[in-house]
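Listed here are the chains, written in short residue letters.
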Amino acid sequence: MRNQLLAKILTPLVFFSLAILAPALFSQGVTAVGGKNTPPGQEGKNQMMPQLAAPSYPDKAIVSESETFRLARFPYSFDFPWALAFLPDGRLLISQRQGSLLLIEGEKSRAVAGIPRVVSGGQGGLLDIALHPNFKENKRLYLSFSAPGTGGSSTALFSALFDESQGSGPRLIEGKTIWESAKKSASTIHYGSRIAFDAAGFLFLTTGERGEGSRARDLSDAQGKLIRLRDDGSVPPDNPFVARAGALPQIWSYGHRNPQGLAFNPADGLVWLSEHGPKGGDEINIAQRGADFGWDLTSYGLAYSGAKVGIGPSAAGVSEPLLYWTPSIAPSGLAFYTGDVFPRWKGNLFSGALAGQELRRIRLEGKKVISQEVLLKGVVGRIRDVRMGPDGFLYLLTDGKPGFLYRLEG
């Protein structure tokens, strides 16, 4: 009824730009028993619905090339949010860059105590969140962050147990930094900082080169790399540079500029990575064991001055990107669609975009990019994170103050 009334009241002129008026076009959603929101038409279709407040919806569905979806927006606002992670019971964790972790349950938002001290400024702060593959049993989670130290800050990884046993609110206990880059920098850019676990339980962490391009291909430096660790922060003995003198044994791949997207393809178990180029040259790569991705020897982008980067777009021994974007879209957040709500999207790769203010749907055949589709261009703003939800829907987190949580529904 409310949608019908809204359609009668608002004139067609109001809808001339959804990108400008998106926040005003949302109407109240439907709430199921127990406070869990169930989108119309999806009752009983999902094993577990997230424990979130009822969302609101724009008046019209969005028609893409292969699916029609509705965009839901939840009634929360965040302070430069960076990442989201669903707990097994459907509650949600959100990291905010200034150094806070929030637990979302229904309409409530509570701060989680026990967060590590971060260097908040520029692109630094509290960044990604990942749950241990056995979180249900061990309650362990991981946070990436910009860690303070002599000379500035660097990318670091924190591990702790999620605890609610004391009745005083959620907190992290037995927390410790299990890995960090030794070399600090006064720079406040290019921390990278996405976390993902593979099917074997190994932890992968991206690091940016802190705005110092030569660090990315220096195997004695942890920045500008994809790092591979055991879940306790120790080094797997089969890492590619374990036996190389002068190389850090944690490195899996190198030559990365600022990778802010990381996801494992469930079809083949390979790790896919997206990273920011300079003036153009954003990339999607499969991060093969020991591979060199070239920065700052090669790039399909230009330096901000307009000059060529290094020797140009390619070089012998450097892995070519599967996909690159010029001009830049500033990719951040990466997820494979694995749900059943949108069957024609199954196996597609989704990337958020900051500068592009859009969601990219990337259709694949094996390791080959077949096509791309631009979704939500200018509608929700800068998309920082993209995640599969436990309900089979796709969740988006937008960057900014305020930042918002959205869901793509069937």
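Details of the structure are given in the entry above.
Residues numbered from 1 in each chain as written. Predicted model: local features only at pLDDT ≥ 70, side-chain atom pairs only at ≥ 80, totals over all residues. Heavy atoms only, no water.

Focus on the overall build of the protein chain
When its secondary structure is counted, the protein chain shows three helices and 27 strands. Partitioning the intrachain contacts of the protein chain with sequence separation of at least 6 by distance along the chain shows that 56% fall at a separation of at least 24. Surface summary for the protein chain: the accessible area is close to 16,600 Å², and the carbon and sulfur share equals 53%. (Helix = DSSP H or I, 4+ residues; strand = E, 2+ residues; numbered from the N terminus. Contact = heavy atoms within 4.5 Å. Areas by Shrake-Rupley, 256 points an atom, 1.4 Å probe, with all protein chains shown as cover.)

Looking at the sheet that holds strand E11 (residues 152-163)
Taken together, four strands build an open sheet; the order of strands is E9-E10-E11-E12 and the sheet is antiparallel. Each having just a single partner strand, strand E9 (126-131) and strand E12 (171-180) make up the two edges of the open sheet. Pairwise comparison of adjacent strand axes, ignoring direction, gives a mean angle of 30° for this sheet. Bridge count between strand E10 (residues 140-149) and E11: ten bridges; the pairing is antiparallel. Bridge pairing in E11 links Gly-149 to Gly-152. (Pairing = 2+ DSSP bridges. Axes fitted to C-alpha atoms, helices over the stretch in contact; angles between N-to-C directions.)

What to know about the side chain of Ser-193
Assignment of secondary structure puts Ser-193 in the loop between E12 and strand E13 (195-197). A relative accessible area of 0% means that Ser-193 is categorised as buried. Among the polar contacts made by the side chain of Ser-193, one reaches the side chain of Ser-144 at a distance of 2.7 Å. Those residues in contact with Ser-193 that sit more than four places away from it in its chain are Trp-82, Leu-127, Asp-128, Ser-144, Phe-145, Thr-155, Leu-205, Thr-206, Thr-207 and Pro-259. (Buried < 20%, exposed > 50% of the residue type's maximum accessible area, 1.4 Å probe, protein only. Polar contact = N/O pair within 3.5 Å; in protein donor to acceptor, adjacent residues only side chain to side chain.)

Considering the pattern of salt bridges
Within the structure shown, the criterion is met by 28 salt bridges. Taking the shortest distance from any N to any O, the salt bridge between Glu-65 and Arg-361 comes out at 3.4 Å. In this pair, Glu-65 is assigned in the loop between strand E3 (62-63) and strand E4 (68-73) and Arg-361 in strand E23 (residues 358-365), connecting sequence segments 296 residues apart. Classification of Arg-361 as buried rests on a relative accessible area of 3%. Between Glu-409 and Arg-407 there is a salt bridge, with its nearest N and O atoms 2.7 Å apart. Residues joined by salt bridges that share partners form a network here, namely Asp-89, Arg-91, Glu-105, Arg-110 and Glu-164. (Salt bridge = Lys/Arg side-chain N within 4 Å of Asp/Glu carboxyl O.)

Things to note about unusual backbone geometry
A cis geometry characterises the amide bond from Thr-326 onward to Pro-327, with omega recorded as 5°. Mapped onto the elements of the fold, Pro-327 is located in the loop between strand E20 (323-325) and strand E21 (331-336). For the peptide bond that leads from Lys-401 to Pro-402, omega is 10°, which places it in the cis range. The phi dihedral of Glu-174 is positive, around 55°, even though this residue is not glycine. With a phi angle near 50°, Gln-357 is a residue other than glycine that sits in the positive phi range.

A short note on the sheet that holds strand E7 (residues 100-105)
Pairing is antiparallel across the open sheet formed by four strands, whose spatial order is E5-E6-E7-E8. Two strands in the sheet have a free side with no partner beyond their single neighbour: strand E5 (81-86) and strand E8 (108-111). With direction set aside, neighbouring strand axes in the sheet form an average angle of 25°. Across five bridges, strand E6 (residues 92-96) lies against E7 in antiparallel orientation. Note that in E7 the partner of Leu-93 across the bridge is Leu-103.

Some thoughts on the nonpolar core
One finds Leu-52, Leu-359, Leu-376, Leu-405 and Leu-408 to be the most contacted residues of the largest nonpolar core, which totals 36 residues. Among the elements of the structure, E4, E5, E6, E7, strand E25 (383-388), strand E26 (394-398) and strand E27 (405-409) are those that each provide at least two residues to this core. The dominant element in this core, judged by the number of residues it contributes, is E26, at four residues. If sequence neighbours within four positions are ignored, Leu-376 has contacts with Ile-62, Phe-69, Leu-71, Gln-357, Glu-358, Leu-396 and Leu-408. Within the second largest apolar cluster, 25 residues are counted, among which are Leu-87, Val-112, Phe-158 and Tyr-191. (Core = buried A, V, L, I, M, F, W, Y, C linked by side-chain atoms within 4.5 Å.)

Some thoughts on the side chain of Ser-159
For Ser-159, the location among the structural elements is in strand E11. Only 2.6 Å separates the side chain of Ser-159 from the side chain of Arg-140, close enough to count as a polar contact. In contact with Ser-159, not counting residues within four places along its chain, are Arg-140, Leu-141, Tyr-142, Glu-174, Gly-175, Lys-176 and Ile-178.

Considering the packing of aromatic side chains
Scanning the entire structure with this criterion turns up 17 aromatic pairs. Where Tyr-337 meets Trp-345, the ring centres are 6.4 Å apart and the plane angle is 85°; that geometry is what we call edge-to-face. Considered together, Tyr-337 and Trp-345 belong to a single accessibility category, that of buried residues. Every member of this aromatic cluster is reached through a ring pair, and the members are Phe-69, Tyr-337, Phe-342, Trp-345 and Phe-350. (Phe/Tyr/Trp six-rings, centres within 6.5 Å; stacked < 30°, edge-to-face > 60°.)

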